[in-house]
Amino acid sequence: ELESNLRLNAIDAAGAGLRLDENTFTLLTTTLSPDLPMNARSIAANRLASAALSDEQQASLVSLLRGVGPMELPKLLPAFEKGGSESLGLMLVDALLTADGVRGLRPDLIKPLLAKYPESVQSAGKALLKLLNASEEEQTTQLELLLTTLPEGDVRRGHEVFMSKKAACNTCHK
């Protein structure tokens, strides 16, 4: 585990635009596992998104999207921004529709991504956009309902949760 963490941090330090050999690609994709710490998953998602992936690696990554959580899924979208073939685009839309982390996506992230693919992919993506728009309305309704039923909060407890390693809020929200 120490060796994997060391390699992950080295890959992170190397920055964007890397071409990934098979071992590095495998390390990053296996680090997306929901069983691993949020910080490690975040690094893996960011590095995969900014890497110069081969067509085969993009196709492999698409097949993994179904099991990716809502925190990592939006971070992975840039891996597909260069556009691509119709088949890759259709696989991407299908994977996003059924992804565990679909609730982490927003229409404003998906529309420009779909625009880089052929018309058939954009048409297939309408179902995803419809799902996301409905999800946004559903979330707003749910939040408004919750606001009326929640008791007063405890600022100190909230700070503890925010700073905890388990929640890892401060990984992104600094």
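Cut-offs and rules
- Residues numbered from 1 in each chain as written.
- Predicted model: local features only at pLDDT ≥ 70, side-chain atom pairs only at ≥ 80, totals over all residues.
- Heavy atoms only, no water.
- Helix = DSSP H or I, 4+ residues; strand = E, 2+ residues; numbered from the N terminus.
- Buried < 20%, exposed > 50% of the residue type's maximum accessible area, 1.4 Å probe, protein only.
- Areas by Shrake-Rupley, 256 points an atom, 1.4 Å probe, with all protein chains shown as cover.
- Lys, Arg positive; Asp, Glu negative; His and termini not counted.
- Charge placed at Lys NZ, Arg CZ, Asp CG, Glu CD.
- 1 Å grid on protein atoms, 1.4 Å probe; cavity = no way out; pocket = protein on both sides within 12 Å on 5 of 7 lines; lining within 4 Å.
- Points joined across faces, edges and corners; volume = space filled by probe spheres on them.
- Patch = residues over 30% accessible without salt bridge, like charges linked within 9 Å, V, L, I, M, F, W, Y side chains within 5 Å.
- Salt bridge = Lys/Arg side-chain N within 4 Å of Asp/Glu carboxyl O.
- Expected span 1.5 Å × (residues − 1).
- Axes fitted to C-alpha atoms, helices over the stretch in contact; angles between N-to-C directions.
- Parallel < 35°, antiparallel > 145°, perpendicular 65-115°, else oblique.
- Left-handed = near helix turned anticlockwise from the far one by under 90°.
- Contact = heavy atoms within 4.5 Å.
- Core = buried A, V, L, I, M, F, W, Y, C linked by side-chain atoms within 4.5 Å.
- Nonpolar A, V, L, I, M, F, W, Y, C, P; charged D, E, K, R; others polar.
- Polar contact = N/O pair within 3.5 Å; in protein donor to acceptor, adjacent residues only side chain to side chain.

Caption draft 1: Region of interest: the overall build of the chain. A tally of regular secondary structure across the chain gives 9 helices and 0 strands. When the helices and strands of the chain are read in sequence order from the N terminus, they spell out α-α-α-α-α-α-α-α-α. Dimensions of the chain, computed from the C-alpha atoms along their principal axes, are close to 50 × 45 × 20 Å. A burial count over the chain gives 35% of its 174 residues as buried. When the accessible surface of the chain is totalled, it reaches about 10,600 Å², and 56% of it is carbon and sulfur. Computed over 18 positive and 22 negative side-chain charges, the separation of the two mean positions in the chain equals 3 Å.

Caption draft 2: Representation of unusual backbone geometry. Not every positive phi belongs to a glycine, and A168 is a case in point at roughly 55°. Note on placement: A168 falls in the segment after α9 (155–163).

Caption draft 3: Summary view of the environment of A13. Structurally, A13 is set in helix α1 (residues 2–14). Residue classification places A13 among the exposed positions, given a relative accessible area of 70%.

Caption draft 4: Quick peek at the layout of surface pockets. Here the largest pocket is characterised by a volume of approximately 260 Å³. In terms of lining, the largest pocket is formed by 13 residues, of which the most central are N5, L8, T31, P37 and A40. When contributions to the lining of the largest pocket are tallied by element, the ones reaching two or more residues are α1, α2 (22–30) and α3 (38–50).

Caption draft 5: Expanded view of a nonpolar patch on the surface. Taken together, the side chains of L143, L146, L147 and L150 define a hydrophobic patch exposed on the protein surface, amounting to about 410 Å² of accessible area. Locating L146 in the fold gives a position in helix α8 (residues 119–149). We classify L146 as partly exposed; its relative accessible area is 35%.

Caption draft 6: Structural context of α3. In this model, α3 (13 residues) spans 18 Å end to end at C-alpha, consistent with the 18 Å of a helix rising 1.5 Å per residue. Inspection of α3 places M38, A40, R41, S42, I43, A44, A45, R47, L48 and A49 among the buried residues, and these make up the whole buried set.

Caption draft 7: Quick peek at the packing of α2 against helix α4 (residues 55–64). The N-to-C vectors of α2 and α4 enclose an angle of 15°; their axes lie 12 Å apart at closest approach. When the axes of α2 and α4 are compared, the pair comes out roughly parallel. Every pair of crossing elements has a handedness; the one defined by α2 and α4 is right-handed. In contact with E22, F25 and T29 of α2, α4 contributes Q57, S60, L61 and L64.

Caption draft 8: The arrangement of the nonpolar core in detail. If you look at the biggest cluster of nonpolar residues, it comprises 39 residues, and the most contacted ones within it are L61, F80, L96 and I110. For L96, the residues in contact, after removing those within four places along its chain, are L65, L73, L77, V102, L105, I110 and L128.

Caption draft 9: Region of the structure containing the packing of α4 against helix α6 (residues 86–97). Interhelical geometry of α4 versus α6 gives an angle of 20° and a closest axis separation of 9 Å. Taken together, the axis directions place α4 and α6 in an arrangement best described as roughly parallel. Taken as a pair, α4 and α6 cross one another with a handedness that is left-handed. Residues Q58, A59 and V62 of α4 pack against L88, M91, L92 and A95 of α6. For the contact of α4 with α6, the per-class residue count stands at 6 nonpolar, 1 polar and no charged.

Caption draft 10: Up close: the environment of T29. Structurally, T29 is set in helix α2. A relative accessible area of 14% places T29 in the buried class. Separated by 12 residues in sequence, T29 and R41 place their C-alpha atoms 9.0 Å apart. Contacts of T29, omitting those with residues within four sequence positions, involve L48, L61 and L64. One polar contact links the side chain of T29 to the main-chain carbonyl oxygen of T26, over a distance of 3.1 Å.

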